[in-house]
Amino acid sequence: MKVTNFSTKPVFQILFFGFLILALINVGIIFTNIAPFDDVIHLSLGALFVIVALVIFVQNIFVQYDSRDELIEIEQASLFSPKQKVRSMQQGYVKSRVRSYEIRKVLFFKQIILIYEKSNGEEERYVIPVTYFSKRKLKRIVKDLKEIMNNNSQMFIGANFKNPYIS
């Protein structure tokens, strides 16, 4: 199953540039005679818009989740990362080594946390930001992870053998 929110990238790029333009306009109003508010208010609004633009710029909120093969592939990208860089940052997780997952919701932000067992036996937690996924896409990811967990807990080779990755 392949789910992505890369289609929202242009919207966030427009928001980024919009907030930067609003910041410049508010700082520019200080030097003109048409300031509707006090200079301090315009300066603070400009600073607020710059902070919002920087928050949008710094976040890696674009995710592609793909579990069609034996791997779960998760690609993340920032606001202006090119397609070639996204492919090089690809991470794959063997489905049978996924131990569990949890969904964390804090205020407006949602994350899926994968708990994955490495080949040396250590567990790794991988956080997937899913705030900007639609509810339908998020349900598809959760359904897919449930199926992966159910397949991992079933019998493995025969009636007498269990999956060796499950403790």
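The structure presented is a predicted model; accordingly, all values stated were derived computationally and were not measured.

### Comments concerning the confidence of the model for the protein chain
On average, the protein chain scores 82 in pLDDT, and the residues at 70 or more come to 85%. Throughout residues 155-162 the model reports pLDDT below 50, and contacts reaching past four residues in sequence, or to other chains, amount to 7 contacts.

### Re the packing of aromatic side chains
To describe a pair of aromatic rings, you give the distance between the ring centres and the angle between the ring planes. One pass over the structure, following the stated rule, counts 10 aromatic pairs. Ring geometry for phenylalanine 12 and tyrosine 132: centres 4.8 Å apart, planes at 75°, overall edge-to-face. Pair noted here: phenylalanine 12 is in helix 1 (residues 9-30) and tyrosine 132 is in the loop between strand 7 (123-129) and helix 4 (135-153), with a separation of 120 residues, a long-range link. A residue is classified by how much of its surface remains accessible, and tyrosine 132, at 36% relative accessible area, is partly exposed. Ring centres of phenylalanine 16 and phenylalanine 17 lie 5.2 Å apart, and the angle between their planes is 65°; this geometry places the pair in the edge-to-face category. Under the relative-accessibility criterion, phenylalanine 16 is labelled buried at 10%. An aromatic cluster is built from Phe16, Phe17, Phe57 and Phe80, whose rings are joined through pairwise contacts. The residue whose ring lies beneath lysine 9 is phenylalanine 62, and the NZ or CZ to ring-centre distance is 5.8 Å.

### Concerning the pattern of salt bridges
One pass over the structure, following the stated rule, counts 5 salt bridges. Between aspartate 66 and arginine 68 there is a salt bridge, with its nearest N and O atoms 3.0 Å apart. Overall, aspartate 66 belongs to the buried group, its relative accessible area being 9%. Of the charged contacts, one joins lysine 118 and glutamate 124 as a salt bridge, the two residues approaching to 3.8 Å between their closest N and O atoms. Residue class for lysine 118 comes out partly exposed when judged on its relative accessible area of 30%.

### Thoughts on the nonpolar core
Formed by 20 residues in total, the largest nonpolar core has its most connected members in Ile72, Ile74, Ile112, Ile128 and Leu145. At the level of elements, strand 2 (62-66), strand 3 (71-77), strand 6 (109-117), strand 7 and helix 4 are the ones that each hand at least two residues to this core. With 6 residues, helix 4 is the single largest residue contributor to this core. Counting 9 residues, the second-largest nonpolar core is a separate cluster that includes Phe12, Ile56, Ile61 and Phe62.

### Things to note about the pairing of strand 6
Burial of strand 6 is extensive: 7 of the 9 residues sit out of reach of the surface. Where strand 5 (residues 98-106) meets strand 6, 8 bridges bridge the pair, whose relative direction is antiparallel. In the sheet register, tyrosine 101 faces strand 6, and the bridge partner there is leucine 114. Counted along the chain from strand 5 to the antiparallel partner strand 6, the turn is 2 residues long, and its residue leucine 107 has a positive phi close to 55°. What sits between strand 6 and strand 7 in their antiparallel hairpin is a turn of 5 residues, with glycine 121 showing a positive phi close to 95°.

### Some thoughts on helix 2 (residues 39-58)
Here helix 2 contains 20 residues, and its C-alpha end-to-end distance of 29 Å stays within 8% of the 28 Å for a straight helix at 1.5 Å per residue. Within helix 2 the residues assigned to the buried category are His42, Gly46, Phe49, Ala53 and Ile56. Around the axis of helix 2, the buried residues are gathered within 85° of arc, so they sit on the same side. Along helix 2, exposed side chains directed more than 90 degrees from the buried face belong to Val40, Ile51 and Val58.

Rules behind the numbers
- Residues numbered from 1 in each chain as written.
- Predicted model: local features only at pLDDT ≥ 70, side-chain atom pairs only at ≥ 80, totals over all residues.
- Heavy atoms only, no water.
- pLDDT = per-residue confidence, 0-100.
- Contact = heavy atoms within 4.5 Å.
- Phe/Tyr/Trp six-rings, centres within 6.5 Å; stacked < 30°, edge-to-face > 60°.
- Helix = DSSP H or I, 4+ residues; strand = E, 2+ residues; numbered from the N terminus.
- Buried < 20%, exposed > 50% of the residue type's maximum accessible area, 1.4 Å probe, protein only.
- Lys NZ or Arg CZ within 6 Å of the ring centre and 35° of its normal.
- Salt bridge = Lys/Arg side-chain N within 4 Å of Asp/Glu carboxyl O.
- Core = buried A, V, L, I, M, F, W, Y, C linked by side-chain atoms within 4.5 Å.
- Pairing = 2+ DSSP bridges.
- Expected span 1.5 Å × (residues − 1).
- Arc of directions from axis to C-beta.

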